[in-house]
Every structure is written in C-alpha cells, then in structure tokens.
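Next come the chains, spelled out residue by residue.
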Amino acid sequence: IMEETSLVSDCLTANNISQAEFQELMEQRSSEEYDEEDLDNTETRYKCFLHCLAEKGNILDSNGHLDVDVLDQIEPLSEQIRNVLYYCKKIYDQEDDVCEYAFQMARCLSENFQQNDGVTDQNLSVSTNKLNE
C-alpha cells in the first residue's frame, strides 16, 4: 500500500495538485450533486494526474493505451470486467491526447461498472449453472 501512496503523491506533485485539492475532488466526486457537467469541466491537470497514475503503475502498453493483459496479471479479471475494458478501449484507443485518454477511459469504466452493479449476481448464477450442467 505504501507504493500506491507514493504513486499518488508523485503524480499529484507532477501535476501541481495539492493534497487538499485532491481530497476535495474526491469528496465532490462521491457527493450526490456531482453530475455529468462537473465531469465535463474536469481540469486538465486532473486528467493528466490519471494518466500519470496509469503510466507509473505500468498498466499502459507501448502505445500509451490501457494494457488489459497486464491488468489481468496484476489481478485476474472477470469476463465482465474484461468486456468493459475492451469496450472502452474500442471507443477511446484512438485518442491522441494521453491525459484526455486516461480521463475518458476512467469515465467510461466507472459508468459501465455502475450500470453493471445490479446485473452481476444474475450473470454469476447463470455462468455457474452452465458449469454445473
């Protein structure tokens, strides 16, 4: 966990974001009032912060795109998560701006995971039933 903490603080420093600003952003993001418009107005330095995390976390391929295989090695991915990753990559992997790419990928992933929350249990029981046949 120490590594992750230094990763975050390195990337905050690199993008000129204070701990307080970061904390505030996190609190805003989790509040009910936070909406699409707020997301659209995300400052570039926060987008670049996300790119920095991905880069320093070594989860990008040589093109600077999210590397699903590497993620899978870090923590085995469920088929559902893998599908969402590929879905988002298909939309955003042609984005040239690395900061914009990181931001749009994070946004795409979080939107798709939120929608999938209710579905997971059903999907799981369906797939385990097939295994038992």
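It should be noted that the structure appears before, not after, this text.
Residues numbered from 1 in each chain as written. Predicted model: local features only at pLDDT ≥ 70, side-chain atom pairs only at ≥ 80, totals over all residues. Heavy atoms only, no water.

A word on the side chain of His 51. Relative to the helices and strands, His 51 resides in helix α4 (residues 44-56). Those residues in contact with His 51 that sit more than four places away from it in its chain are Leu 60, Val 98, Cys 99 and Ala 102. (Helix = DSSP H or I, 4+ residues; strand = E, 2+ residues; numbered from the N terminus. Contact = heavy atoms within 4.5 Å.)

Core analysis: the biggest nonpolar cluster contains 14 residues, and Leu 66, Leu 71, Leu 85, Cys 88 and Leu 109 have the highest contact counts within it. Those elements that provide at least two residues to this core are α5 (68-74), α6 (79-92) and α7 (98-116). Residues contacting Cys 88, with those up to four places away along its chain left out, are Met 105, Cys 108, Leu 109 and Asn 112. (Core = buried A, V, L, I, M, F, W, Y, C linked by side-chain atoms within 4.5 Å. Buried < 20%, exposed > 50% of the residue type's maximum accessible area, 1.4 Å probe, protein only.)

This part covers the pattern of salt bridges. A complete count under the given rule lists 7 salt bridges for this structure. For Asp 93, the salt bridge goes to Lys 89, with nearest N and O atoms at 2.8 Å. Lys 89 sits in the buried class, given a relative accessible area of 10%. Its salt-bridge partner being Glu 111, residue Arg 107 comes within 3.5 Å of it at the nearest N-O pair. Of the two residues, Arg 107 and Glu 111 are both situated in helix α7; the distance of 4 residues between them amounts to about one turn of the helix. (Salt bridge = Lys/Arg side-chain N within 4 Å of Asp/Glu carboxyl O.)

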